[in-house]
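Commentary on secondary and tertiary structure
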Amino acid sequence: MAAELVEAKNMVMSFRVSDLQMLLGFVGRSKSGLKHELVTRALQLVQFDCSPEVFKKIKELYETRYAKKSSEAGQPQPQQHRSPEALSIHSSYDRGSTVARTSISTPNIDYPALYGKYLNGLGRLPPKVVKPEVRLVKLPFYTTLDELLKPTELVPQNNEKLQESPCIFALTPRQVELIRNSRELQPGVKSVQVVLRICYTDTSSPQEDQYPPNIAVKVNHSYCSVPGYYPSNKPGVEPKRPCRPINLTHLMYLSAATNRITVTWGNYGKSYSVGLYLVRQMTSAELLQRLKTIGIKHPELCKALVKEKLRLDPDSEIATTGVRVSLICPLVKMRLSVPCRAETCAHLQCFDAVFYLQMNEKKPTWMCPVCDKPAPYDQLIIDGLLSKILTECEDADEIEYLVDGSWCPIRAEKERSCSPQCPILVLGSSDVNGLLPTPNGNSENGKATADVVDLTLDSSSSEEEEEEDEEEDDDDDGPQPKRRCSYEKGLVSAC
């Protein structure tokens, strides 16, 4: 076995770039990069996965290459003399590392003199075209520790709708140790995980996680659970599936043994790429603590922003003298504890960072609940001015910012709605004006002793008879409006 391993390494070291790409594509690994990067991946493959299939493929590529050379050797070729100063490459591989170290010994070449021949630009080589790679968006709840497999396109092998793409890899001892020593987020779930991420094959911008149709993930000999669909309560709306990183850790071999992952997917025209990452999963409490450490905006800067919002616009005919801000979180209708908003939001209204992070931990949307625009984690700030106001103003649920950056509480609305709009007419009161004191006035035992008359009720029967007599006298003059009540001499209307 050791002899075969050495033989496979020697054959890999003699491969060209095209041979290395064919070998890496055979096992589902990334084929992009410089030659020394491809050699590193191929040596890692030989070191940790010396399966008969891989060894057979290496031998096949090696024999195919030298069979071509032998056929070309039968034709007369001009003899080429190899310079003793040719570059020589020596590679060594450390079993405890994922990187093959390559050292290059160079001859004594006068590079300045050589470069001087190309100053006119005619002899320069054309710039190398670097193929753009697929990039995935950064996820706030996942910190990437290692990239085990760069995003690699899922290539269909035939015309069938259901395709399978295998991937073979092994963890280093350091990575195994990180997983084993990490804390548990919940029983059986470690904070350090190996996750699979899938997205569209699009190099124009960082891509969000997106599952292909009919997806299934098999790790070694067991299928891994994939997030299901959210039920939709709206008629005619298809249920949505939350596309998140898929945790593979609990089904992997946490040793030097190789792990085999098979992705089953539906081939319906769209192209997808998969990547493997070693990550540390964060909690909402950890993200909140990080936000409190680096994301607090100084009160003076917030005050300057208020002044900027309320600055008089010479082109506008309406002058804004103030803006109201609620101290109630629009998410949970509770008083703010950590006022937060996105740096890109145009409003001064804040939401509670605690509940915002908890909601995105369960169902990540990262949308501002005030303006319904994107509010990603790296754009969040804690409003230092509003945090200060919350500690100083505990008896109001709303404040108003003024043009000079100052503020005042708004607490009189409810008080006015609870107090009577006009004094109440009373009978038999000792007060000179015959009016009942307001609720804020001083009265014995806090209660009014006078009788209260409801002016909306009809008056006594005697008064009704008098009104009827008056109406009979005025019949010749036309109908007269009926009075609800007559007042005695010396009394005035209450309103």
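Details of the structure are given in the entry above.
The sections below set out a description of the structure shown in this document. As the structure is a prediction and not an experimental result, all values here were calculated from the model.

We now examine the overall build of the protein. From N to C terminus, the protein includes twelve helices and 21 strands. Classification of the 495 residues of the protein by burial places 31% in the buried group. Accessible surface computed for the protein: about 32200 Å², of which carbon and sulfur atoms make up 52%.

It is worth spelling out the sheet that holds strand S16 (residues 351–352) at this point. Across the sheet, which stays open at both edges, the four strands sit in the order S13-S17-S15-S16 with mixed pairing between neighbours. Each of the sheet's edge strands pairs with one partner strand only, and the pair in question is strand S13 (296–297) and S16. Pairing of S13 with strand S17 (residues 380–383) involves two bridges; the strand directions are parallel. Along S17, the bridge assignment pairs Lys-297 with Asp-383. Packing of helix H10 (residues 384–392) onto the sheet brings it into contact with S13, strand S15 (339–342) and S17, and relative to S17 it is tilted by some 35°.

For the rest of this paragraph, the subject is helix H6 (residues 173–181). All of the buried residues in H6 are Gln-175, Val-176 and Ile-179. Each buried residue of H6 sits inside an arc of 100° when the element is viewed along its axis, so together they form one side. Facing away from the buried side of H6, by more than 90 degrees, are the exposed residues Pro-173 and Asn-181. The inward-facing, buried residues of H6 abut strand S3 (142–153), strand S4 (162–170), strand S6 (189–190), strand S7 (192–200) and strand S12 (272–281).

Now for the environment of Asp-19. By the element assignment, Asp-19 lies in helix H2 (residues 17–26). Sequence separation between Asp-19 and Leu-61 is 42 residues, and the spatial gap between their C-alpha atoms is 6.6 Å. Every residue in contact with Asp-19, bar those within four places of it in the chain, is listed here: Leu-61 and Arg-65.

This part covers the packing of aromatic side chains. Considering all chains together, one arrives at five aromatic pairs under this definition. Arranged with centres 5.2 Å apart and planes meeting at 35°, the rings of Tyr-200 and Tyr-272 form a pair that is tilted. Here Tyr-200, found in strand S7, pairs with Tyr-272, found in strand S12; they are 72 residues apart in sequence, far enough to count as distant. The exposure class assigned to Tyr-272 is buried, which follows from its relative accessible area of 4%. A centroid spacing of 5.8 Å and a plane angle of 75° characterise the contact between Tyr-356 and Trp-366, whose relative ring orientation is edge-to-face. Of the two residues, Tyr-356 is situated in helix H9 (residues 353–362) and Trp-366 in the loop between H9 and S17; the sequence distance between them amounts to ten residues.

Let's shift gears to the side chain of Asp-209. Relative to the helices and strands, Asp-209 is located in the loop between S7 and strand S8 (216–219). Only 2.6 Å separates the side chain of Asp-209 from the side chain of Arg-197, close enough to count as a polar contact. Those residues within four positions of Asp-209 in sequence are excluded, and the remaining contacts are Leu-139, Arg-197, Ile-198, Cys-243, Arg-244 and Pro-245.

One open sheet holds the four strands; their spatial order is S3-S12-S7-S10, and the pairing between them is antiparallel. Only two strands of the sheet have a single partner each, and these edge strands are S3 and strand S10 (246–247). Both S3 and S12 contribute to a ladder of eight bridges, which runs antiparallel. Bridge pairing in S12 links Thr-152 to Val-274. Contacts from H6 reach S3, S7 and S12 within the one sheet, and its direction differs from that of S3 by about 130°.

Analysis parameters
Residues numbered from 1 in each chain as written. Predicted model: local features only at pLDDT ≥ 70, side-chain atom pairs only at ≥ 80, totals over all residues. Heavy atoms only, no water. Helix = DSSP H or I, 4+ residues; strand = E, 2+ residues; numbered from the N terminus. Buried < 20%, exposed > 50% of the residue type's maximum accessible area, 1.4 Å probe, protein only. Areas by Shrake-Rupley, 256 points an atom, 1.4 Å probe, with all protein chains shown as cover. Pairing = 2+ DSSP bridges. Contact = heavy atoms within 4.5 Å. Axes fitted to C-alpha atoms, helices over the stretch in contact; angles between N-to-C directions. Arc of directions from axis to C-beta. Phe/Tyr/Trp six-rings, centres within 6.5 Å; stacked < 30°, edge-to-face > 60°. Polar contact = N/O pair within 3.5 Å; in protein donor to acceptor, adjacent residues only side chain to side chain.

Keep in mind these values describe shape, not function.
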